[in-house]
Amino acid sequence: HDLRELRDIESTLATASLIAGLFALSLALVSTWFFRRELGRSVDALHQTMARIAGGQLHERVPAQAARDDEFARLEQDFNHMLDRIAQLMAGVTHVSDAIAHNLRTPLTRLRLRAESLADPQDQQRFGHDIAEMDAMITATLDYLRGVAHAEPMALVDVAALAHSLADDHQDMGHDVTVQGHAAPLPVQAGALRRCLDNLVGNAVRYGGAAELALHDGPEQLRIT
């Protein structure tokens, strides 16, 4: 029998299969490269936008291309919608915080005017200091709510004077708070240290009936008992 025609057909089929396989492999490689390029572009755009938002640029959005209508474009649109919603919520918080600031600062202003009318200069200074501290706490709280809070700068603080001032404030409220010893100035955040000590002394008075601030020159410069 003559098998040449059959072998020619087998050779043609093998060549066609090889060509089809190479074409399919090339198509798969091109599709993979295109998919990775689109995925990388979308992920990079999201990452850059989130980095700018984390840096405080809350108005940033993912650049969307109107000509595209695929899963990546829909993901970018959904991400932008989420950012718009967050911006609306932040605007609401800002509005509420502004209203709170107005409502709180109005009685503070009245208290400041009444403190200025006191006859004793020491009373004026004491009440003025308390009102200024309340105003600073309100400002710090509202700045935190608005997302624009700034860290208090470090400064050399007279710890002894701070402790005596804190004790005087609690004694004016009828609390048994005393200060013993002396401590050198410390580089700290004055407002944060005062709030911390005020909370500790308040807890000591509330649960122990009295508090003593012991000052020392050394590694342990302040102890509350």
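Just so you know, the residues in each chain are numbered from 1, in the order the chain's sequence is written. Reporting of local features is limited, given that this is a predicted model, to residues whose pLDDT is at least 70; pairs of side-chain atoms are given and counted only at 80 or more, and all residues count toward the totals for whole chains, interfaces and linings. Computation of side-chain values covers all heavy atoms of the structure but excludes hydrogens and water.

So, about the overall build of the protein chain. Under the DSSP-based scheme used, a helix requires at least four consecutive residues in state H or I and a strand at least two consecutive residues in state E, with every element numbered from the N terminus. From N to C terminus, the protein chain includes 5 helices and 5 strands. What you see in the protein chain, going N to C, is helices and strands ordered as α-α-α-β-α-β-β-α-β-β. Radius of gyration: C-alpha atoms only; globule rule: 2.2 Å multiplied by the number of residues to the exponent 0.38. Here the protein chain has a C-alpha radius of gyration of 35 Å; the compact-globule value for 225 residues is 17 Å, and the former is much larger. For the C-alpha atoms alone, the extent of the protein chain along its principal axes is close to 130 × 45 × 30 Å. With a 1.4 Å probe rolled over the protein chains alone, any residue whose accessible area is under 20% of its type maximum counts as buried; one over 50% counts as exposed, and the rest are partly exposed. By the burial criterion, 21% of the 225 residues in the protein chain qualify as buried. Of the contacts formed within the protein chain by residues at least 6 apart in sequence, a portion of 66% connects residues at least 24 apart. Charge counting follows a simple rule: Lys and Arg are positive, Asp and Glu are negative, and His as well as the terminal groups are ignored. Just so you know, the charge point we use is NZ for Lys, CZ for Arg, CG for Asp and CD for Glu. Counting 20 positive and 31 negative side-chain charges, the protein chain places the centres of these two groups 6 Å from one another. The contact criterion used throughout is that any non-hydrogen atoms of two residues lie within 4.5 Å.

As a further point, take the nonpolar core. One finds Val177, Val179, Val201, Ala211, Leu213 and Leu215 to be the most contacted residues of the largest nonpolar core, which totals 19 residues. Among the secondary structure elements, those contributing two or more residues to this core are α4 (159-172), β2 (176-181), α5 (190-208) and β4 (210-215). With residues up to four places along the chain from it excluded, the contact list for Val179 reads Ala163, His164, Ala167, Leu213 and Leu215. We define a nonpolar core as any set of buried Ala, Val, Leu, Ile, Met, Phe, Trp, Tyr and Cys residues linked to one another through side-chain atoms lying within 4.5 Å.

Tracing the chain through its elements places His170 in helix α4. If we skip the residues at most four places from it in the chain, His170 touches His175, Val177, Asp198, Val201 and Gly202.

On to a nonpolar patch on the surface, then. Candidates for patches are residues over 30% relative accessible area with no salt bridge; among them, like charges are joined within 9 Å and nonpolar side chains (Val, Leu, Ile, Met, Phe, Trp, Tyr) within 5 Å. All accessible-area figures derive from a Shrake-Rupley calculation using a 1.4 Å probe, and residue coverage is judged against the displayed protein chains alone. Salt bridge, as used here: a side-chain nitrogen of Lys or Arg that lies within 4 Å of a carboxyl oxygen of Asp or Glu. On the surface, a cluster of nonpolar side chains totalling about 260 Å² of accessible area is made up of Phe35, Leu39 and Val43. As for its placement among the helices and strands, Leu39 is situated in helix α1 (residues 4-54).

We now examine the environment of Gly191. Its place among the elements puts Gly191 in helix α5. Distance in space between the C-alpha atoms of Gly191 and Ala136 is 8.9 Å, their sequence separation being 55 residues.

Once that is clear, we can look at α4. Each α-helix turn comprises 3.6 residues. Residues three or four places apart therefore point the same way. A helix's residues, less one, multiplied by 1.5 Å, set its expected span. The terminal C-alpha atoms of α4, which comprises 14 residues, lie 20 Å apart, in line with the 20 Å expected from a rise of 1.5 Å per residue. Every buried residue belonging to α4 is among Val159, Ala160, Leu162, Ala163, Leu166, Ala167, Asp169 and His170, and all of these are buried. As used in this structure description, the phrase polar contact means that two N or O atoms lie within 3.5 Å; if the pair is within protein, one of them must be able to donate a hydrogen and the other to accept it, and residues adjacent in sequence are counted only when both atoms belong to side chains. Capping of α4 at its N-terminal end is provided by Asp158; its side-chain oxygen lies 3.2 Å from the backbone amide nitrogen of Ala160. In the stretch just after α4, Gly174 is the one whose phi turns positive, near 90°.

So, on to the pattern of salt bridges. In this structure the tally under the stated criterion is 3 salt bridges. We note a salt bridge from Glu60 to Arg52, for which the minimum N-O separation is 3.1 Å. Relative accessible area serves as the criterion here: at 17%, Glu60 is assigned to the buried category. The exposure class of Arg52 is partly exposed, given its relative accessible area of 27%. Between Arg61 and Asp84 there is a salt bridge, with its nearest N and O atoms 2.7 Å apart. With a gap of 23 residues between them, Arg61 in the loop between α1 and α2 (71-116) and Asp84 in helix α2 connect regions that are remote in the sequence. Using a relative accessible area of 22% as the deciding quantity, one classes Arg61 as partly exposed. By relative accessible area, Asp84 is classed as partly exposed at 33%.

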